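Chain by chain, the residues run as shown.
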Amino acid sequence: MWVAENGVPFLFLYERSGTFFMSTLEEHKKIVNFLNSQVGNEPSYDLLMKYYSEAHYILEDLPDRRDLAFNVMDFVLAWTDKLWKYVDDDFHKLYWKAHLFKAMNMNLDSYFLYLEKNREPQEKFYEPSREQFLKIGVIQALQDMLDDKLDILSISLPPGTKKTTLSKFFISGVMGWFTKDFNLFFSHSSDIARMYYDGVSDIITNSQEYTWNEIFPDSKVTSTNAKMQTLNIDKYKPFASLQCTSRSSNNAGVVRASKFLMVDDLVAGIEEALNKAMLDKLWNIYTVDARQRKTMGQTDGKPCKEIIIATRWSVHDPIGRLKNAYEGNERCRFIAVPDIDPETGESNFNYKYGGFTTEFFHDQEKLMDEVSYKCLYKNEPIEREGLLIPEDKLRRYMQLPQREPDEIIGQCDTKGKGTDYFVLPVLYRYGDDYYCEDAICSNDTDYELQYERSASILVNHKVQSCDFERNAGGDRVAMEVDKRVKEKGWICNITDTPTETNKEAKIFQCSNWIMQHILFKDKSQYSNKSDYAELIRELCTYSATGKNKHDDVPDCLATFAIRVTGAAKASVVTLTNNPFWRR
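Quick caveat: nothing in here was measured; it's all calculated off a predicted structure.

J.: What exactly am I supposed to notice about the sheet that holds strand S9 (residues 305-309) here?
T.: Working definition: the strands of a sheet are paired by backbone hydrogen bonds and lie parallel or antiparallel to each other. In space, the eight strands of this open sheet follow the order S5-S6-S7-S4-S8-S9-S3-S10, with mixed pairing throughout. What marks the edges here is a single partner per strand, and that holds for strand S5 (221-225) and strand S10 (332-336). Strand-to-strand twist across the sheet, computed as the mean angle between neighbouring axes with direction ignored, equals 10 degrees. Lying on the sheet, helix H7 (residues 138-146) is in contact with strand S3 (152-156), strand S8 (260-264), S9 and S10; it crosses S3 at an angle near 160 degrees. Running over the sheet, helix H12 (residues 276-290) touches strand S4 (183-187), S8 and S9 and is turned about 160 degrees from S4.

Take a look at the structure:
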């Protein structure tokens with residue numbers, strides 16, 4: 001039973017021995033509360049050592065309460081990280097002892113940090129990229145796999161962002177925590193499989209660079225086979241702790257996975273991604289070969305888990321099909337992170353060392369076609385074979401014809417909800433051709449800003465007529481824009497028209513007309529970060545066969561095509577003031 005003398009917990013009056021009584025959860029909470037009452041403005045080293053000891057005791061008494069033990073140890077980490085920098089080296093040592101405790105007890109963040117504690121800052125993998133990995137949720141997802149909260153995890157990040165290295169670090173920890181189990185790495189290339197084997201082997205055996213032997217002092221490498229790409233920890237097992245193979249290898253009866261099946265980029269590149277028959281074959285390889293190597297766990301008796309790391313090339317790639325198969329399953333998580341954060345406009349991967357700046361990604365985008373860039377760097381799979389308006393089919397221009405246009409027209413697709421786009425292109429007509437000279441293409445939710453930008457683009461280009469989609473409150477938008485246009489001293493014939501109900505059919509019907517009669521600026525004439533560039537991206541990634549995240553741009557231009565050709569008769573309303581709307 002937990003007791004105290006003179007208000008001081010019994011635990012701290014006597015050394016705890018092997019025969020010491022076990023404390024209950026409530027008793028440990030009392031001890032932690034007592035410690036908290038002693039902190040004051042700044043905890044002493046002795047008090048932090050008591051927190052450190054209490055975290056150990058919690059885990060000894062309550063093995064299933066790692067969360068409570070870690071919370072106590074996190075208090076130690078927070079203060080030692082702050083104090084060792086200007087007090088003395090004892091705090092520094094305690095800081096790393098706290099991380100070692102968490103690392104030994106399967107906390108991934110501490111494991112990664114402690115594993116590289118002796119490396120030079122510029123040579124470290126994890127610490128320079130830690131902030132970004134935590135932000136995008138990859139570390140938490142991997143931790144959830146270890147804590148049996150997930151069964152399948154898919155990770156898609158841009159090229160060069162160290163996702164495979166992260167996988168190597170992860171599996172090195174798994175091999176130490178679950179020494180009875182065996183894991184399989186499966187890739188499209190035997191060269192990649194060999195690189196993976198070499199990388200994991202270096203982490204586990206290179207004690208000058210890594211501290212794997214400190215984290216797992218009771219474990220050792222008992223066999224390695226560079227030719228077979230296998231590495232075993234501790235006792236002999238029918239299958240090694242790590243086996244690395246490729247889709248071209250003969251894997252029947254040779255490899256198995258009881259804890260983790262790690263699948264890395266089954267699609268070798270763009271040529272395979274463009275081949276639907278090849279994607280069907282790769283799905284068959286994944287389901288019939290890779291997945292059939294899974295067994296039940298040797299430690300916990302639970303089914304082997306899967307981590308898939310790959311570029312999202314197509315909705316028909318293995319991740320796309322897996323996502324459809326497990327839609328709604330809370331034990332499956334699919335992470336796809338773009339190059340640039342759409343909210344901040346900044347790089348998601350600007351690591352302290354070896355990362356990528358926002359400018360780097362924009363430079364990459366300049367020379368790539370829109371579809372490839374969206375797949376590789378945005379992780380937005382596109383079906384090229386179903387693209388209605390491929391970018392290379394667009395008519396382009398460097399400058400407008402050297403005469404006055406016959407007419408200047410605007411067309412607006414108003415924003416509905418969520419991530420829908422507000423689209424308003426301005427087109428100059430010369431005979432039967434329409435030159436798209438400017439555009440608004442934004443999913444911003446600031447409606448006042450929409451009204452102001454719309455009025456400005458109409459006035460600046462002296463647009464003579466502009467039609468607004470009536471649905472989704474478009475008639476109100478038209479009224480607000482019309483009011484601001486008049487305030488700026490311009491007159492534009494602003495109308496609103498009901499939206500066609502079958503958007504897909506309308507877009508398909510007008511796609512050829514758009515390619516034949518609308519000209520767009522040459523890529524050298526606009527910035528990749530501009531609304532104009534976004535309009536081109538949204539137009540040229542619309543697929544007739546796959547799921548489309550947005551259809552606002554092709555829908556707007558299709559509506560424009562119908563409007564100027566008279567292909568369909570729609571009721572058009574000229575705006576008048578509505579007395580029930582506030583001015």
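That covers the picture; the talk isn't over yet.
J.: Is there a simple way to explain the packing of aromatic side chains in this structure?
T.: To describe a pair of aromatic rings, one takes the distance between the centres and the angle between the planes. Scanning the entire structure with this criterion turns up 33 aromatic pairs. Note on Tyr-397 and Tyr-435: the rings are 4.9 Å apart at their centroids and 75 degrees apart in plane angle, and the pair reads as edge-to-face. Here Tyr-435 lies in strand S14 (residues 433-442) and Tyr-397 lies in strand S11 (residues 395-397), a separation of 38 residues in the sequence. For the pair shown, Tyr-397 and Tyr-435 are each scored as buried. The structure contains a cluster of three or more aromatic residues connected by ring pairs, namely Tyr-111, Phe-112, Phe-125, Tyr-126, Phe-133, Phe-169, Trp-177, Tyr-210, Trp-212, Phe-216, Phe-349 and Tyr-351. Over the face of the ring belonging to Phe-70 we find Lys-102, whose NZ or CZ atom lies 5.4 Å from the ring centre. A cation over a ring is seen here: Lys-259 above Phe-178, with NZ or CZ 4.2 Å from the ring centre.

J.: Got a minute to help me understand the pattern of salt bridges in this structure?
T.: Two side chains carrying opposite charge are able to pair once their charged atoms lie near each other. Going through the model one piece at a time under the given rule, you end up with 45 salt bridges. For Glu-116, the salt bridge goes to Arg-119, with nearest N and O atoms at 2.7 Å. Taking relative accessible area as the criterion, Arg-119 reaches 15% and is therefore assigned buried. The partner of Lys-135 in a salt bridge is Asp-341, with the nearest N and O atoms 3.4 Å apart. Separated by 206 residues along the polypeptide, Lys-135 in helix H6 (residues 126-135) and Asp-341 in the loop between S10 and helix H14 (358-366) bring together distant segments of the chain. Linked through salt bridges whose partners overlap, the residues forming this network are Asp-148, Asp-151, Lys-302, Lys-305 and Arg-331.

J.: Could you clarify how one ought to interpret the pairing of S5 in this entry?
T.: Taken residue by residue, a regular strand's side chains alternate between the two faces of the sheet. Pairing of S5 with strand S6 (residues 230-233) involves four bridges; the strand directions are antiparallel. Within the sheet, the bridge partner assigned to Thr-224 lies in S6 and is Leu-231.

J.: In this structure, what is going on with the packing of helix H19 (residues 531-540) against helix H20 (residues 552-565)? I would like to understand it.
T.: The angle between the axes and the distance between the axes are what describe a pair of packed helices. Contact pair H19 / H20: the axes reach a minimum separation of 7 Å and the direction vectors enclose 90 degrees. The pairing of H19 with H20 is recorded here as roughly perpendicular in orientation. Between H19, through Leu-535, Glu-538 and Leu-539, and H20, the contact on the second element is made entirely by Val-553, Pro-554 and Leu-557. Of the residues assigned to the contact of H19 with H20, the class counts are five nonpolar, no polar and one charged.

J.: How should I be thinking about the state of the cysteines in this particular structure?
T.: Applying the stated rule across the entire model yields zero disulfides. Here Cys-441 is not disulfide-linked; the sulfur of Cys-556 is the nearest cysteine sulfur, at 9.0 Å. Under the relative-accessibility criterion, Cys-441 is labelled buried at 3%.

J.: I keep staring at the nonpolar core and nothing clicks. Help me out?
T.: What tends to happen in soluble globular proteins is that the nonpolar side chains get buried as a cluster. Residues Tyr-111 and Phe-170 are the most contacted members of the largest nonpolar core, which totals 113 residues. Looking at this core element by element, the count peaks at nine residues for helix H3 (residues 66-83). In this structure Tyr-111 touches Ala-103, Phe-169, Ser-172, Gly-173, Trp-177, Trp-212, Ile-215 and Phe-216, once residues within four positions along its chain are discounted. Counting residues in hydrophobic clusters, the runner-up holds 33 residues, among them Leu-388, Ile-389, Met-515 and Ala-558.

Conventions adopted
Throughout this document, residue positions are counted from 1 along each chain, in the order its sequence is written. Only residues with pLDDT of at least 70 are given local features in this predicted model, and only at 80 or more are side-chain atom pairs given and counted; all residues enter the totals for whole chains, interfaces and linings. With hydrogens and water stripped out, all remaining heavy atoms of the structure feed into the side-chain values. Pairing between two strands is assigned when DSSP locates at least 2 bridges connecting them. Numbering of helices and strands starts at the N terminus; helices are DSSP runs of H or I of at least 4 residues and strands are runs of E of at least 2. The angle between two axes is taken between their N-to-C directions and runs from 0 to 180 degrees, where each axis is a line fitted to C-alpha atoms and a helix contributes only its stretch in contact. For this analysis, residues touch if any pair of their heavy atoms sits within 4.5 Å. Any two of the Phe, Tyr and Trp rings considered here, Trp counted by its six-membered ring, make a pair once their centres fall within 6.5 Å; the pair's planes then place it as stacked at under 30 degrees, edge-to-face at over 60, or tilted in between. When a residue's accessible area, from a 1.4 Å probe over protein chains only, is under 20% of the maximum for its type it is buried; when over 50% it is exposed; and in between it is partly exposed. The rule is short: NZ of Lys or CZ of Arg within 6 Å of the ring centre and within 35 degrees of the ring normal puts a charge over the ring. Every case where a carboxyl oxygen of Asp or Glu lies within 4 Å of a side-chain nitrogen of Lys or Arg is listed as a salt bridge. Angle categories are assigned with fixed cut-offs, so that under 35 degrees is roughly parallel, over 145 is roughly antiparallel, 65 to 115 is roughly perpendicular, and the rest are oblique. In this classification, the charged set is Asp, Glu, Lys and Arg, the nonpolar set is Ala, Val, Leu, Ile, Met, Phe, Trp, Tyr, Cys and Pro, and all remaining amino acids, among them Gly, are polar. Disulfides are defined as pairs of cysteine sulfur atoms found within 2.5 Å of each other. We call a set of buried Ala, Val, Leu, Ile, Met, Phe, Trp, Tyr and Cys residues a nonpolar core when their side-chain atoms join them within 4.5 Å.

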